[in-house]
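# Structural characterization, general
Chain by chain, the residues:
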Amino acid sequence: MPFKNLNDVKKHCENLENISIFLGYNANVDALKYISNEKEFYELFELLNGDCKKNLNKNLNENLNENLKIDINKVIENMEIYPREIKTVEEFLARLILAMKSGKPVEIPLISADLSPKFKKWLENLKFNEERIGGQVGIIANLLSILNLDKIVAYTPLLSQKQSEMFENKGSHTNIYYPVSTNEGDIVLKNINKAHKNDETKINRIFEYKEFSFEFDNKKIEVPRANRLILASRPENLRINIPDETKTGLSELGKNIDCAIVSGYQSIKEQYSDGKTDEYYFKRAVEDINLLKSKNPNLKVHLEFASVQNPKLRKQIVEYLYSVVDCAGLDETEIANILNSVGYSELSEKILKNSKIEDVIEGSKIVLENYNLEMIQIHTIYYIMFICKKIEDKAKNDIKIAQLKKSLEFATILASTKAKNGLITSIEDLKMGLETPYNQYGDLLRNLVYKINESTSEITYNDYNIVLVPSRLVNNPKSTVGLGDTISSGAFVSYVADLKNNNIL
Ligand SMILES: Nc1ncnc2c1ncn2[C@@H]1O[C@H](COP(=O)(O)OP(=O)(O)O)[C@@H](O)[C@H]1O
Ligand SMILES: O=P(O)(O)OC[C@H]1O[C@](O)(CO)[C@@H](O)[C@@H]1O
Ligand SMILES: [Mg+2]
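Keep in mind that this is a model prediction, so the values were computed, not measured. (Residues numbered from 1 in each chain as written. Chains lettered and ligands numbered in written order. Predicted model: local features only at pLDDT ≥ 70, side-chain atom pairs only at ≥ 80, totals over all residues. Heavy atoms only, no water.)

### Things to note about the overall build of the protein
Scanning the protein for helices and strands turns up 20 helices and 17 strands. Expected size for 505 residues packed as a compact globule is a radius of gyration near 23 Å; at 23 Å, the protein falls within 12% of this value. Relative to its full complement of 505 residues, the protein shows a buried share of 58%. Counted over contacts in the protein with a minimum sequence separation of 6, partners at least 24 positions apart contribute 75%. Element-wise, carbon and sulfur atoms account for 46% of the exposed surface of the protein, whose accessible area totals about 21,000 Å². (Helix = DSSP H or I, 4+ residues; strand = E, 2+ residues; numbered from the N terminus. Rg over C-alpha atoms; globule rule 2.2 N^0.38 Å. Buried < 20%, exposed > 50% of the residue type's maximum accessible area, 1.4 Å probe, protein only. Contact = heavy atoms within 4.5 Å. Areas by Shrake-Rupley, 256 points an atom, 1.4 Å probe, with all protein chains shown as cover.)

In structure tokens:
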């Protein structure tokens, strides 16, 4: 047990203090709506459906204005169609019910210009419970600031005043910066709170539901676990991209940082109104990473995946970007979806259906090898796992395993603190995570991975280190959005700190 008490955790955090990182590309405001029980679920749709419980079951809402009421038959139809973009309230309700039935994380794009008037009106009237910083860059920057990293260079194309002020420089020194270009083509780092531009604020709507049951179409639906559905905005002028004038300074910036976390590619569209295409942006994204690495070949880059509804774009992210990054972070659904996009639909189905760890490992190995990644980190509700190639020298490899385990242990402490408290405000808060027990399958999972690591049977795991730590699962989480980002950044930065400080891996 690497962390016996808060002091051990604090010591670990000290290792991170000499790390500098680049983060790109997505930050937004998350508007959170909590759905804690059956009553709150029905209340969501009251504007459209009056006595919602009754009406969502019997469709007896005749006394409501035709233009407003929810068409239950259409909702049922959409549950079959499984819309991958949301334009109507019926599509939204269908995907929300399916998400709640599965208890799995879901993100769906919402194109504001295309919304039906009824859905638009409903969204405008919806009262959210709170607003928080969102997006991988937003969530990770604020976490790493508290962990006192030396420098966090956070780049996001849209930086309104509201958004820039949601970055919290809470470390022992100002450490979150925005890269700004000079006339000479260099990058200077500006305190992100003072770097805002005249941009719009990107707002995502997050529906955070708890465990409860409700009735729809006269059937009882049990929500197996608290989770979230994200309606992600896709503003036309959000281009996942570093402008040319800033690009010229990237190689010099790369020299002064240790690592980077890139994410946000899920916002890239196939076609833009000015004729630009997905390919244009993926090629630029590859250039950015190559430039960052050009004068610092040791720079480690982690790509944090997200839910991508369009299979073609999902495949592009993998094919363009996995070849140039070192580490990949993703949840169980995301690895399954990737496998489906790159030709392993049977394995993908198995993972989605049975959540068996052996299948997840098999899938991770395929991705690791096909794209020559150094490491994959998978987070699921019950465990967090690193998979990477072994070092030949056994003594060194044993140290590596111990270090990787420590990084994952740290990550579970971060996640359970955030799940329990909703946010992490200081290193002291991590006591809450440390006091959260591992989930009930902890020993079972550890034994299973022990056996897999020992096995020499037909599936050979001999060349790989499979390092697993069970999650410290919070029963009644305050919120769940961003827990994966928290896990991935905590684990990756710890890994990089070990590389930098111990020189052993
Ligand atoms: N109640 C909880 N307590 C502790 N950890 C949790 C809880 N719920 C989810 N997690 C962790 O958070 C991860 C969610 O990651 P992910 O799906 O990538 O979400 P996001 O993209 O919103 O950050 C899960 O895989 C699990 O490891
Ligand atoms: O796809 P987008 O719009 O960048 O949003 C990503 C979403 O994922 C999260 O970063 C959580 O992983 C949310 O905070 C955010 O709403
Ligand atoms: Mg995630």
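Once you've had a look at it, read on.
### Description of helix α6 (residues 89-102)
Its 14 residues place the ends of α6 20 Å apart at the C-alpha level, agreeing with the 20 Å of an ideal helix rising 1.5 Å per residue. Of all the 14 residues making up α6, 11 are buried; the element is thus mostly covered by neighbouring parts of the structure. Those residues of α6 that sit buried are Val89, Glu90, Glu91, Phe92, Leu93, Ala94, Arg95, Leu96, Ile97, Ala99 and Met100. Positive backbone phi, at 70°, marks Gly103, one or two positions downstream of α6. (Expected span 1.5 Å × (residues − 1).)

### Some points on the site of ligand 2
Among the 18 residues in the neighbourhood of ligand 2, the closest are listed as Asp30, Glu107, Lys202, Arg234 and Asp485. With respect to ligand 2, the backbone of Gln136 contributes an N or O atom lying 3.3 Å from an oxygen atom. Between an oxygen atom of ligand 2 and a side-chain N or O atom of Arg234, the distance comes to 2.8 Å. Relative to its unbound accessible area of 400 Å², ligand 2 is 98% covered by the protein chains. Of the residues belonging to the shell around ligand 2, the class tally is five nonpolar, eight polar and five charged. (Near = heavy atom within 4 Å. Polar contact = N/O pair within 3.5 Å; in protein donor to acceptor, adjacent residues only side chain to side chain. Nonpolar A, V, L, I, M, F, W, Y, C, P; charged D, E, K, R; others polar.)

### What to know about the environment of Thr380
Note that Thr380 resides in the loop between β15 (375-379) and β16 (383-389). Between the alpha carbons of Thr380 and Thr333 there is a distance of 8.6 Å; along the sequence they are 47 residues apart.

### Section: the state of the cysteines
Evaluation of the coordinates by the stated rule reveals zero disulfides. Here Cys327 stays free of any disulfide, with the sulfur of Cys388 as its closest cysteine sulfur at 9.0 Å. Of the residues examined, Cys388 reaches a relative accessible area of 1% and is grouped as buried. (Disulfide = S-S within 2.5 Å.)

### A word on the packing of aromatic side chains
Applying the stated criterion to the full structure yields 23 aromatic pairs. On the basis of an interplanar angle of 70° and a centroid distance of 5.9 Å, the ring pair of Phe41 and Phe45 is categorised as edge-to-face. By the burial criterion, Phe41 is buried, and Phe45 matches it. Each ring, one from Phe212 and one from Phe214, has its centre 6.1 Å from the other, and the planes form 50°; the classification is tilted. The two residues Phe212 and Phe214 agree in class, both being buried. Among the aromatic residues, those joined into a ring-pair cluster are Phe41, Tyr42, Phe45, Phe92, Phe119, Trp122, Phe128, Phe207, Phe212 and Phe214. A cation over an aromatic ring shows up here: Lys276 above the ring of Tyr280, its NZ or CZ 5.2 Å from the ring centre. Positioned over the ring face of Tyr438 is Arg446, at 4.7 Å from the centre of the ring. (Phe/Tyr/Trp six-rings, centres within 6.5 Å; stacked < 30°, edge-to-face > 60°. Lys NZ or Arg CZ within 6 Å of the ring centre and 35° of its normal.)

### Notes on the nonpolar core
Considering soluble globular proteins, one finds that nonpolar side chains tend to be buried as a cluster. Counting 120 residues, the largest nonpolar core has Leu147, Phe167, Tyr265, Leu321 and Tyr322 as its most contacted members. Broken down by element, the residue count for this core peaks at eight residues, all from helix α20 (residues 483-502). Among residues more than four places away in sequence, those in contact with Tyr265 are Tyr25, Ile240, Phe282, Ala285, Ile289, Leu303, Ile317 and Leu321. Counting residues in each nonpolar core, the second largest holds 35 residues, with Met79, Ile97, Ala99 and Phe119 among its members. (Core = buried A, V, L, I, M, F, W, Y, C linked by side-chain atoms within 4.5 Å.)

### As for the sheet that holds strand β8 (residues 203-209)
The sheet built from five strands is open, its strands ordered β3-β11-β8-β2-β4 with mixed pairing. The two strands at the open ends of the sheet, each matched to only one other strand, are β3 (106-110) and β4 (130-134). Each neighbouring strand pair of the sheet contributes to a mean axis angle of 25°, computed without reference to strand direction. Taken strand by strand, helix α8 (residues 135-146) contacts β2 (28-35) and β4, and its axis lies near 90° from that of β4. (Pairing = 2+ DSSP bridges. Axes fitted to C-alpha atoms, helices over the stretch in contact; angles between N-to-C directions.)

### Some thoughts on the site of ligand 1
Near ligand 1 you find 17 residues, and of these Arg228, Asp331, Thr380, Gly482 and Gly484 are the closest. Between an oxygen atom of ligand 1 and a main-chain N or O atom of Thr380, the distance comes to 2.8 Å. A distance of 2.9 Å separates an oxygen atom of ligand 1 from a polar backbone atom of Gly482. Protein contact buries 92% of the 580 Å² of open area that ligand 1 shows by itself. The element contributing the most residues to the shell around ligand 1 is α20, with four residues. For the shell around ligand 1, the class distribution of residues is nine nonpolar, four polar and four charged.

### What about the packing of helix α15 (residues 345-354) against helix α16 (residues 357-370)?
As a packed pair, α15 and α16 sit with axes 9 Å apart at the nearest point and diverge in direction by 140°. One way to sum up the angle between α15 and α16 is to call them oblique. Viewed along their axes, α15 and α16 form a crossing whose handedness is left-handed. Together, Leu347, Lys350 and Ile351 of α15 and Asp359, Val360, Glu362, Gly363 and Ile366 of α16 make up the contact between the two elements. In the contact of α15 with α16, the residues fall into four nonpolar, one polar and three charged. (Parallel < 35°, antiparallel > 145°, perpendicular 65-115°, else oblique. Left-handed = near helix turned anticlockwise from the far one by under 90°.)

### Focus on the pairing of strand β10 (residues 219-222)
By the bridge criterion, four bridges tie strand β9 (residues 213-216) to β10 in an arrangement that is antiparallel. When the bridges of β10 are listed, Ser213 appears paired with Glu222. Hairpin connection from β9 to β10: two residues lie between these consecutive antiparallel strands, with Asp217 at a positive phi of about 55°.

### Digging into the UniProt feature "binding site: Mg(2+)" (unreviewed entry) in the protein
Feature annotation in UniProt places "binding site: Mg(2+)" (unreviewed entry) on Glu304, Glu334 and Asp485, given in this structure's numbering. Look at the named residues: they lie 182 residues apart in sequence, but the longest C-alpha span between them is just 13.3 Å, so in the fold they bunch up. Mapped onto the elements, Glu304 comes out in strand β13 (residues 300-304). A residue is classified by how much of its surface remains accessible, and Glu304, at 3% relative accessible area, is buried. Beyond its immediate stretch of four places on either side in the chain, Glu304 contacts Gln136, Ile261, Val262, Ser263, Gly329, Leu330, His379, Gly484, Asp485 and Ser488. Within the secondary structure layout, Asp485 lies in helix α20. Residue classification places Asp485 among the buried positions, given a relative accessible area of 8%. If we skip the residues at most four places from it in the chain, Asp485 touches Gly135, Gln136, Ile139, Ile140 and Glu304. (UniProt positions renumbered as here; feature names shortened; annotations may be inferred.)

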